[in-house]
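Chain residues, written in single-letter form:
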Amino acid sequence: MAKLFKISGDDNVAVALEDIQAGYVDDELCLTALDDIPKAHKILLTDLKAGDNVIKYGYPIGSVTEDLPRGSYIHEHNLKTNLSDKLDYTFSGNTEYTPSFINYTIPAYKRKNGKVGIRNEIWIIPTVGCANKAAEMLAKIGGDIIGDGCDGVFAYTHPFGCSQLGDDMSNTQKILAGLIKHPNAGGVLVVSLGCENNNLSVFKPILGDIDSSRVKFLCMQDEYDEIEAGTALIKEIYNNIKNDKREPVNIDNLVIGYKCGGSDAFSGITANPLCGRVNDKLTSAGATTILTEVPEMFGAEQILMDRAKNREVFDKIVGMVNGFKDYFSSHGVVCYENPSPGNHAGGITTLEEKSLGCIQKGGKSTVTDVLDYGEQCKTKGLNLLTGPGNDIVSVTNLTAAGAHIILFTTGRGTPLGAPVPTIKISTNTELFNKKNNWIDFDAGKLITSGNAGELAGSLFSLIVNVASGKKTKNEENGYREISVFKDGVIM
């Protein structure tokens with residue numbers, strides 16, 4: 001097997017598929033390594049002068065800081081970002097989106113509002129952190145109450161809902177509302193303390209129309225025994241949902257979210273491109289997909305803009321990107337120093353490099369809409385969702401936006417799970433073998449098999465199986481967490 005991998009024909013670096021020692025000769029590339037190159041890191045294929053661009057994925061990922069001969073090791077010691085603050089962007093014209101709406105069905109739960117769910121769970125949502133322990137106690141009791149017809153009772157605790165001001169309170173309310181309305185929850189118990197900023201009289205109007213047989217409310221300060229009252233409500237919810245049955249629905253009802261966390265240099269070679277292939281298949285069938293992590297679009301945003309459905313969507317992408325750059329600058333932070341220590345150790349040097357690998361999860365699909373933070377999907381095709389790259393905030397955001405399943409690619413490994421099934425996809429086989437208790441799918445096989453079409457087909461089949469009821473590793477382990485984006489002061 002080759003030890004070096006060149007992603008695009010225009011690239012002037014290759015990626016080491018295993019540790020390379022100085023003096024290694026690659027006959028195919030006619031190249032001799034001048035330095036030791038760690039696995040997943042970059043080797044230079046051409047001579048470069050200081051200031052010349054390094055090309056990977058066919059695009060610049062930064063520029064070298066000194067003259068370098070071919071065969072050199074390229075990383076943070078000699079490569080710097082080209083990114084700066086706000087840029088001018090060009091609208092390249094409308095991009096057609098014409099899904100074929102294939103006749104491909106999955107078994108799912110039809111909800112009264114026309115949405116479908118792939119799980120029939122009971123979710124307990126506190127309006128405020130002060131209600132967390134009661135919610136956890138009720139979830140434990142609920143687990144003992146339920147029987148057939150319900151997939152489990154889960155409490156989604158958080159430290160928010162009080163002493164928040166402005167956008168922070170609004171963000172908390174939008175995310176909680178998205179969770180309460182999520183169709184994977186057959187029933188929901190909303191638990192309030194009673195005196196918090198986000199009390200029920202304030203929060204209920206934000207929810208809008210709800211199914212009163214599915215969503216119940218508990219104000220702890222109004223009850224003599226809140227646990228007894230909550231237990232009675234869980235029993236009522238269970239009795240209302242226990243006879244729900246899966247029915248055939250077309251696959252265009254699916255909403256799939258994409259996330260990467262603990263990335264390495266193989267993310268953009270294996271797992272993310274495979275997700276991109278699956279994304280294109282889903283969107284061409286009329287399904288809805290969601291790509292988020294705005295800071296990890298910096299340096300690759302024009303590629304997404306070039307795929308905007310129309311001028312309105314293009315303008316929304318520009319607003320989303322520049323809005324997040326304003327967020328960085330408002331805190332006196334530059335918007336181009338993103339890769340984490342784990343990313344650097346995994347071979348990713350600059351934010352452009354990370355972003356170009358990250359957006360491959362969106363394949364080549366037309367961007368049909370841009371969503372604000374906490375907004376729910378309403379447009380089929382590929383949606384961009386405003387939000388940060390933080391793993392737990394991102395998976396919560398995707399869930400609240402309506403994702404039934406999240407495809408989570410990782411090169412370093414993480415046990416994190418969303419409230420919805422979270423399919424963990426390893427970028428390398430070593431991680432899959434080491435953390436098989438976390439990882440659902442090995443995209444590292446792409447390096448050894450080279451059959452991207454076959455592997456993407458296997459991933460698509462896994463999605464269908466999970467939608468049909470197969471549990472993911474996060475579900476088996478009980479790894480389900482939420483968090484909310486925060487940008488303000490606390491009283």
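That block above? That's the structure.
Residues numbered from 1 in each chain as written. Predicted model: local features only at pLDDT ≥ 70, side-chain atom pairs only at ≥ 80, totals over all residues. Heavy atoms only, no water.

Trainee: What's the story with the sheet that holds strand β12 (residues 121-126) in this structure? I'm lost.
Mentor: Within a sheet, each strand pairs with its neighbour through backbone hydrogen bonds, oriented either parallel or antiparallel. Here four strands make up an open sheet; going across it, the order is β13-β12-β14-β15 and the pairing parallel. Each end of this open sheet is capped by a strand with a single partner; those strands are β13 (153-155) and β15 (215-219). On average, adjacent strands in this sheet sit at an angle of 20 degrees to one another, irrespective of strand direction. Against the sheet, helix α2 (residues 167-180) contacts β12, β14 (185-192) and β15, and its axis sits at roughly 160 degrees relative to β12. (Pairing = 2+ DSSP bridges. Helix = DSSP H or I, 4+ residues; strand = E, 2+ residues; numbered from the N terminus. Axes fitted to C-alpha atoms, helices over the stretch in contact; angles between N-to-C directions. Contact = heavy atoms within 4.5 Å.)

Trainee: Explanation requested: a nonpolar patch on the surface in the structure shown.
Mentor: A surface patch of nonpolar side chains, about 340 Å² in accessible area, is lined by L165, V489 and M491. Examined against the element boundaries, V489 turns out to sit in the segment after α14 (473-477). (Patch = residues over 30% accessible without salt bridge, like charges linked within 9 Å, V, L, I, M, F, W, Y side chains within 5 Å. Areas by Shrake-Rupley, 256 points an atom, 1.4 Å probe, with all protein chains shown as cover. Salt bridge = Lys/Arg side-chain N within 4 Å of Asp/Glu carboxyl O.)

Trainee: Just to check I follow, could you spell out the nonpolar core for this structure?
Mentor: Counting 106 residues, the largest nonpolar core has I317, L384, I405, L407 and I425 as its most contacted members. If one sorts the elements of this core by residue count, helix α13 (residues 452-467) sits on top with 10 residues. Look past the residues within four positions of L384 in its chain and what remains in contact with it is L291, M297, L304, I317, M320, V367, D369, V370 and L371. In this structure, I124, A131, V153 and I227 belong to the second largest nonpolar core, which totals 23 residues. (Core = buried A, V, L, I, M, F, W, Y, C linked by side-chain atoms within 4.5 Å. Buried < 20%, exposed > 50% of the residue type's maximum accessible area, 1.4 Å probe, protein only.)

Trainee: What exactly am I supposed to notice about the packing of aromatic side chains here?
Mentor: Scanning the model with the defined rule gives 10 aromatic pairs in all. Seen in terms of ring centroids, Y104 and F460 are 5.7 Å apart; in terms of plane orientation they differ by 75 degrees. Their pairing is edge-to-face. Of this pair, Y104 sits in the loop between β9 (79-80) and β10 (105-110) while F460 sits in helix α13, and the two are 356 residues apart along the sequence. Under the relative-accessibility criterion, Y104 is labelled partly exposed at 33%. Accessibility expressed as a relative area gives 5% for F460, which makes it buried. Its end group placed over the ring of F217, K204 keeps NZ or CZ at 4.4 Å from the ring centre. Cation over ring: K325 sits above F298, and NZ or CZ is 5.3 Å from the ring centre. (Phe/Tyr/Trp six-rings, centres within 6.5 Å; stacked < 30°, edge-to-face > 60°. Lys NZ or Arg CZ within 6 Å of the ring centre and 35° of its normal.)

Trainee: Which parts of the structure should I look at to understand the sheet that holds strand β6 (residues 53-56)?
Mentor: Taken in spatial order, the three strands line up as β6-β7-β9 in an open sheet, and their pairing is antiparallel. At either end of the open sheet lies a strand with only one pairing partner, and these are β6 and β9. Looking at chain direction, strand β7 (residues 59-64) and β9 are connected through two bridges and run antiparallel. By the bridge assignment, V64 is partnered in β9 with L79. Where helix α9 (residues 351-358) meets the sheet, its contacts fall on β6 and β7, and the angle it forms with β7 comes to roughly 165 degrees.

Trainee: Could you clarify how one ought to interpret the pairing of strand β21 (residues 405-410) in this entry?
Mentor: The side chains of a regular strand alternate between both faces of the sheet. In terms of burial, β21 is a largely internal element, six of the six residues being buried. Because side chains alternate across β21, one face comprises the buried residues I405, L407 and T409, and the other comprises I406, F408 and T410, equally buried. When strand β17 (residues 255-260) meets β21, the two strands line up parallel, connected through five bridges. Bridge assignment links C260 to a residue of β21, and that residue is T409. Bridge analysis of β21 against strand β22 (residues 422-426) gives five bridges, and the strand direction is parallel. Considered in β22, the bridge of T409 is made with I425.

Trainee: Where do I start with the environment of A271 in this structure?
Mentor: For A271, the position within the fold is in helix α5 (residues 271-284). Judged by its relative accessible area of 0%, A271 falls in the buried class. In this structure, the C-alpha to C-alpha distance between A271 and F408, residues 137 residues apart in sequence, is 9.1 Å. Dropping the residues within four chain positions of it, A271 is found in contact with F266, T409, I425, S426, T427 and A443.

The values reported here are purely geometric and, on their own, carry no functional implication.
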